[in-house]
Amino acid sequence: MTQPVDHRTLPVPDGLAGERVDAAMAQMFGLSRTRAAELIARGLVQVDGAGAAKSDRVLGGATLDVTIPVEADPLTVVPEEVEGIQIIHDDPSIVVISKPVGVAVHPSPGWTGPTVVGHLAAAGFKIATSGASERQGIVQRLDVGTSGVMVICKSEHAYSVLKNAFRRRDVDKVYHALVQGHPDPLEGTIDAPIGRHPKADYKFAVMADGRASVTHYSTLEAHRFASLLEVHLETGRTHQIRVHMAALKHPCVGDLTYGADPTLAKRFGLERQWLHAVKLGFEHPDTGEYVEYTSDYPDDLARALEAVRGAD
């Protein structure tokens, strides 16, 4: 697909005579100096029909010819069916899916990969219009690197009811996590605030001034190298389970971002953290009946767990 461009040709006003090309472009076209310099470096700027360098000086009346690629809005929902998204339940109010790894829930700056909302749009699902345009109908999120069950709202009523249910912590969110070593005690509660990591903006950490975060865990299986935990989230902070388990010195197996052993990850064939949203329970927004939806382990996690069991 050809990227759309904005092509502009203007004479340089006498008042800008003697200015550098990038400075003149900034004033004539409302661009930043950085953006102007980038366009010049890409060969998209000509002065009187000749290529320009950003430090060249312009003459009054010279013809400035600029081709500006139109940048796509990173928050635009692009309809695109995504292989691996499974529809677990669908009714007039909600759609429940199992999200595969490598798929974001909605568009965001810096993300160019597939999204849940893009898949639903391509598949013909009509989603609630409540919420910001790029995440309409979204009442919960899973990290790109985390797979599992999640609910999206199709009606405005469902959005309102479930948004409040998540806010009041009335939704049962259950995950399974394979973590390194053996947590002591074997079951417990981690109550530790989480904030953005002070040295890496893509990470989070336990921080005294962070947001309240509560994770409950219990050990389902203990093996030589790792333990399979059932985790219930009371809050829903970004990377919450990964941060809390790393803080206990038991990071999710394969979670290199939060200190997991890369040798162990390679041994068990993992290219991402072993973390899966297995169950979601809530009162249906229309009937008030308690409903529960589950998602099986994807192949990569199932294989890794079998390998861990076989290494005892």
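The structure we're discussing is the one just above.
Engineer: Whenever I open this one, the overall build of the protein confuses me. Can you help?
Structural biologist: Looking only at helices and strands, one finds seven helices and 15 strands in the protein. For the protein, whose C-alpha radius of gyration is 25 Å, the value lies well above the compact-globule estimate of 20 Å for 312 residues. Counting only residues that meet the buried cut, the protein has 46% of its 312 residues in that class. In the protein, 64% of the contacts between residues at least 6 apart in sequence involve partners at least 24 apart. Just so you have it, the protein exposes about 15,700 Å², and 49% of that area is on carbon and sulfur atoms. On the protein, the mean spot of the 31 positive side-chain charges and the mean spot of the 40 negative ones are 5 Å from each other.

Engineer: For this particular structure, what's the right way to read the side chain of T115?
Structural biologist: As for its position among the elements, T115 is in the loop between strand 6 (94-99) and helix 3 (116-122). Once residues lying within four places of it in the same chain are set aside, the contact partners of T115 are V82, V103, A104, V105, H106 and P107.

Engineer: Could you clarify how one ought to interpret the sheet that holds strand 3 (residues 50-51) in this entry?
Structural biologist: Taken in spatial order, the four strands make up an open sheet running 1-4-2-3, and their pairing is antiparallel. Taken across any chain shown, the strands that pair with only one partner, and hence form the sheet edges, are strand 1 (5-11) and strand 3. Across seven bridges, strand 1 lies against strand 4 (residues 63-69) in antiparallel orientation. Note on strand 4: the bridge partner recorded for P11 is T63. On top of the sheet, helix 1 (residues 21-29) reaches strand 1, strand 2 (45-47) and strand 4; it is set at about 75° to strand 4, its chief contact.

Engineer: Hey, could you run me through the nonpolar core in this one?
Structural biologist: It is characteristic of soluble globular proteins that their nonpolar side chains tend to be buried jointly. Membership of the largest hydrophobic core comes to 45 residues, with the highest contact counts inside it found for V151 and F282. Setting aside residues up to four positions removed in sequence, V151 forms contacts with I94, V95, V96, V139, Q140, L162, F166, L280 and F282. Listed in part, the 19 residues of the second largest apolar core include L31, L39, V47 and I68.

Engineer: Would you take a moment to explain the environment of V116 for this structure?
Structural biologist: Within the secondary structure, V116 sits in helix 3. Apart from the residues within four sequence positions on either side, V116 is in contact with I85, I97, K99, V103, A104, V105, M150 and I152.

Engineer: It is not clear to me how the environment of A265 should be interpreted in this structure. Could you clarify?
Structural biologist: One can find A265 in helix 6 (residues 262-267). Overall, A265 belongs to the buried group, its relative accessible area being 4%. Distance from A265 to Q180, taken between C-alpha atoms, is 9.9 Å for residues 85 residues apart in sequence. Apart from the residues within four sequence positions on either side, A265 is in contact with G254, L256 and L270.

Engineer: Sorry, what's going on with the packing of aromatic side chains here?
Structural biologist: Any pair of aromatic rings gets described here by the distance separating the centres and the angle formed by the planes. On inspection of all chains with the given rule, the structure shows three aromatic pairs. Relative to Y297, the ring of W274 lies with its centre 5.0 Å away and its plane at 75°, an arrangement referred to as edge-to-face. Of this pair, W274 sits in the loop between helix 6 and strand 14 (275-283) while Y297 is found in the loop between strand 15 (290-294) and helix 7 (299-310), placing the two residues 23 residues apart along the sequence. Classification of W274 as buried rests on a relative accessible area of 0%. Accessibility expressed as a relative area gives 26% for Y297, which makes it partly exposed. Note on F282 and Y293: the rings are 6.0 Å apart at their centroids and 40° apart in plane angle, and the pair reads as tilted. Of this pair, F282 sits in strand 14 while Y293 sits in strand 15; the two residues are 11 residues apart in sequence, bridging distant segments of the chain. The exposure class assigned to F282 is buried, which follows from its relative accessible area of 1%.

Engineer: When you look at the pattern of salt bridges in this model, what are you seeing that I'm missing?
Structural biologist: The tally for this structure, following the rule as stated, stands at 13 salt bridges. A salt bridge links E38 to R35, with the shortest nitrogen-to-oxygen separation between them at 3.2 Å. A residue pair is termed a helical-turn pair when its members lie 3 or 4 positions apart in one helix, as E38 and R35 do in helix 2 (residues 33-41) at three residues. In this structure E38 comes out as partly exposed when scored by relative accessible area, which is 34%. The exposure class assigned to R35 is buried, which follows from its relative accessible area of 16%. Shared partners join several salt bridges into a network, and the residues in it are R20, D22 and R33.

Rules used throughout
- Residues numbered from 1 in each chain as written.
- Predicted model: local features only at pLDDT ≥ 70, side-chain atom pairs only at ≥ 80, totals over all residues.
- Heavy atoms only, no water.
- Helix = DSSP H or I, 4+ residues; strand = E, 2+ residues; numbered from the N terminus.
- Rg over C-alpha atoms; globule rule 2.2 N^0.38 Å.
- Buried < 20%, exposed > 50% of the residue type's maximum accessible area, 1.4 Å probe, protein only.
- Contact = heavy atoms within 4.5 Å.
- Areas by Shrake-Rupley, 256 points an atom, 1.4 Å probe, with all protein chains shown as cover.
- Lys, Arg positive; Asp, Glu negative; His and termini not counted.
- Charge placed at Lys NZ, Arg CZ, Asp CG, Glu CD.
- Pairing = 2+ DSSP bridges.
- Axes fitted to C-alpha atoms, helices over the stretch in contact; angles between N-to-C directions.
- Core = buried A, V, L, I, M, F, W, Y, C linked by side-chain atoms within 4.5 Å.
- Phe/Tyr/Trp six-rings, centres within 6.5 Å; stacked < 30°, edge-to-face > 60°.
- Salt bridge = Lys/Arg side-chain N within 4 Å of Asp/Glu carboxyl O.

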